Amino acid sequence: MPHATALHFAPPRLSLRFLAVWRRNFLVWKKLALPSIVGNLADPVIYMLGLGYGLGLLVPEVEGVSYIAFLAGGTLAYSTMNAATFEALYSGFSRMHVQKTWEAIMNAPIALDDIVAAELVWAASKSCLAGVAILAVIAAFGFTASPLALAAIPVVFLTGLCFAALGLIMTALAPSYDFFMYYFTLFITPMTLLSGVFFPQGQLPDSVQLIASALPLSHAVSLIRPLLLGQVPAQIGLHLGVLALITVLAFWLALGLTRRRLLK
Amino acid sequence: MPLEISGLVKRFGTGPDAREVVRGLDLKLERGECFALLGPNGAGKTTTLRCALGLAEASVGSIRLCGLPVPAQAREARARVGVVPQTDSLDPDFTCAENLVVFAGYFGIPERDIRPRVPELLAFAGLEGKENARIQSLSGGMKRRLTLARALVNKPELLILDEPTTGLDPQARHLIWERLRRLTAEGTTILLTTHFMDEAERLAHRLAILDTGRILAQGSPREVIAAHIEPQVVEVFGDWTGEGAASGAAAWAARHAEALSRRCEISGETAFCYTDDAAPLLAHLAHQPGLRTLHRPANLEDVFLKLTGRELRD
Ligand SMILES: Nc1ncnc2c1ncn2[C@@H]1O[C@H](COP(=O)(O)OP(=O)(O)OP(=O)(O)O)[C@@H](O)[C@H]1O
Ligand SMILES: [Mg+2]
């Protein structure tokens, strides 16, 4: 029915009511805040230190800085991506499908649009909270010393929004948790390797470079790494613009798919 | 009017796969009444409620909830409605009290206003002192009662309950019935669905029997019984050993039921004879060796089975 489809994909109708739903997720997180942060922190920090010191012996300098300082910015970017993605996929799916939390909320005067918006902002918030913790570790180890690093925090939040929006598309389509494996294997993992997290994109073959530089994580890395190194990123507008545009379009699509799934 | 549904049609799917699940349903709730929607599995009860709340889009028809048009202003209307959904959707990450406080937050009720009401709401649901209990530690009946308390955080004018007592023990059912009566006495309008005829007969001022998306009968329990079924029922069962036959009630019914009752239905080993005057039938049965009988007035379940048939659904 083209009529119903048009309605499902109508523009989002946003309101501040999303805050009540955001707060619900925040209150749950607060109960287990420490383990949650440590969980989001441990993996990237271990990789950063392990690869940074290990490979750092073989690779004395990358783009004029120590390998571990190079790796720090990439680590912050990809761990933000992972945290936002996990929250939007696994936690979002359990609230939507398993626990029926969204259904319960929709019986109150809150629209599905507000709920999906809340999930988007919440996943970004949670990834940002983890990001700040990682940034603190990076600063504590002395891999960044510039006050510009603080400017990475809003970029981390935007990165979180972008990957939360992409993740919510998958959540809207998923029949079960197993589905998310494909998303990680086919999208997230290759992107992590191609986006200049572990090595400069200049090392990639030319044809791959073109695609790789268009990936959302590449834009995040292009912003976050220079900021941690105390430099103003090149082409700030372009990178911010792409992340923002992907966020808007992906959220719109995710919302349309979610409406189609739940408002039958 | 708390709820007004006219000409509701709801289809799922499109093209050749389309299924019409609600097929032209009209429903008007009066303020302060308790209305029960009865129907076999798959009749369309939950779908009707979802449409009424603006959570599913009607294919055809118009709906007004608390005077507001649905779906256009469904969200505003829901602010004045409480809902107990068919499946529990309590928040497992929160305690009982937190469930109420957080849910009130969805209505824009600040914590300082709801906190003082929590003990009263829990007491209403027979959950005194359970403020800090985790949801996983509650029994099914406790969860259902907490869901009822949750539906009351916004002091609703209309309370919609989808099978509120399914799966509950008699104690819990009686508590819920008593609370629902108290709410209607205080002026709350109630719309509930149920599979229990006794529940509808006890609670509902009016009821509708729904099957395959259509209302088959509507009115007060007495009216529905009077309009749709003979007033007396004689259930006949046991081993019939009269007239040289050695078989069950069905064999007896095949020979005699038609002459002695208006209508007779066989279900398993029992013959249900419906009649305006049971005296001749009972007199006959007194001389039939082996058969046992139960004579009773017709009830809602008889109407339900007559209208919706005795075959299994789903
Ligand atoms: N989202 C859906 N998509 C397709 N079919 C659906 C959907 N929801 C319900 N149905 C179908 O609509 C019919 C009516 O379902 P509904 O849940 O309204 O019945 P019900 O009267 O509440 O039954 P029960 O007593 O079992 O709860 C069923 O046949 C069901 O399979
Ligand atoms: Mg149902």
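Not measured: the values here are computed from a predicted model.

Undergrad: What is the right way to look at the overall build of chain B in this model?
TA: Secondary structure assignment for chain B yields 12 helices and 15 strands. C-alpha extents for chain B along the principal axes are approximately 80 × 50 × 35 Å. A burial count over chain B gives 52% of its 314 residues as buried. Once local pairs closer than 6 in sequence are excluded, the contacts in chain B between residues at least 24 apart make up 68%.

Undergrad: Hey, could you run me through the coordination of the magnesium ion (ligand 2) in this one?
TA: The reference angle at a metal is 109.5 degrees if four donors form a tetrahedron and 90 or 180 degrees if six donors form an octahedron. The magnesium ion (ligand 2) binds to the protein through Thr46(B) (OG1) and Gln86(B) (OE1), with metal-donor distances spanning 1.9 to 2.1 Å. Remark: Gln86(B) occurs in the loop between strand 6 (81-84) and helix 3 (96-106) and Thr46(B) occurs in helix 1 (residues 45-52); sequence separation between them is 40 residues.

Undergrad: Help me understand the sheet that holds strand 5 (residues 68-70) of chain B, please; the structure alone is not making it clear to me.
TA: Through backbone hydrogen bonds, the strands of a sheet pair up, either in parallel or in antiparallel fashion. Residue and element names in this part refer to chain B. The antiparallel open sheet is built from 4 strands, whose spatial order is 2-1-4-5. Both edges of this open sheet fall to strand 2 (19-29) and strand 5, since each of them pairs with a single strand only. Sheet twist, expressed as the mean angle between neighbouring strand axes with direction ignored, is 25°. The pairing of strand 1 (residues 3-12) with strand 2 spans 8 bridges and is antiparallel. Paired with Lys 10 across the strands is Val 22, a residue of strand 2.

Undergrad: Would you mind going over the packing of helix 6 (residues 112-140) of chain A against helix 11 (residues 236-262) of chain A with me for this structure?
TA: What describes two packed helices is the angle between their axes and the distance between those same axes. All names here are of chain A. Packing of helix 6 against helix 11 leaves a shortest axis separation of 10 Å and a crossing angle of 130°. As judged from the angle between their axes, helix 6 and helix 11 are oblique. You can see that helix 6 and helix 11 cross each other, and the crossing is right-handed. Contacts between helix 6 and helix 11 pair Leu 112, Asp 113, Val 116, Ala 117 and Leu 120 from the former with Phe 251, Leu 255, Thr 258, Arg 259 and Leu 262 from the latter.

Undergrad: Just to check I follow, could you spell out the site of ligand 1 for this structure?
TA: By nearness alone, 15 residues border ligand 1, and Gly42(B), Lys45(B), Thr46(B), Thr47(B) and Gln86(B) come closest of all. What surrounds ligand 1 is not a single chain but chains A and B. Side-chain polar atom of Asn41(B) to an oxygen atom of ligand 1: 2.9 Å apart, as the coordinates give it. Contact between ligand 1 and Thr47(B): an oxygen atom at 2.5 Å from a side-chain N or O atom of the residue. Its free accessible area being 640 Å², ligand 1 has 69% of it covered by the protein chains. A total of 3 residues in the shell around ligand 1 trace back to one element, the largest contributor, which is helix 1 of chain B.

Undergrad: So what exactly am I meant to see when it comes to the pairing of strand 8 (residues 189-194) of chain B here?
TA: Looking along a regular strand, one sees side chains alternate from face to face of the sheet. All names here are of chain B. Here strand 8 lies mainly inside the structure; 6 of its 6 residues are buried. The two faces of strand 8 match: Thr 189, Leu 191 and Thr 193 on one face and Ile 190, Leu 192 and Thr 194 on the other face are all buried. In the sheet, strand 7 (residues 158-162) pairs with strand 8 via 5 bridges, with the strands oriented parallel. Residue Ile 160 lies in a different strand from strand 8, and its bridge partner there is Leu 191. Assessed by its sense of winding, the connection that carries the chain from strand 7 through helix 7 (residues 170-185) to strand 8 is right-handed.

Procedures and definitions
- Residues numbered from 1 in each chain as written.
- Chains lettered and ligands numbered in written order.
- Predicted model: local features only at pLDDT ≥ 70, side-chain atom pairs only at ≥ 80, totals over all residues.
- Heavy atoms only, no water.
- Helix = DSSP H or I, 4+ residues; strand = E, 2+ residues; numbered from the N terminus.
- Buried < 20%, exposed > 50% of the residue type's maximum accessible area, 1.4 Å probe, protein only.
- Contact = heavy atoms within 4.5 Å.
- Donors = N, O, S within 2.8 Å, 3.2 Å for Na, K, Ca; no water.
- Pairing = 2+ DSSP bridges.
- Axes fitted to C-alpha atoms, helices over the stretch in contact; angles between N-to-C directions.
- Parallel < 35°, antiparallel > 145°, perpendicular 65-115°, else oblique.
- Left-handed = near helix turned anticlockwise from the far one by under 90°.
- Near = heavy atom within 4 Å.
- Polar contact = N/O pair within 3.5 Å; in protein donor to acceptor, adjacent residues only side chain to side chain.
- Areas by Shrake-Rupley, 256 points an atom, 1.4 Å probe, with all protein chains shown as cover.
- Right-handed = clockwise from strand over helix to strand, strands pointing away.

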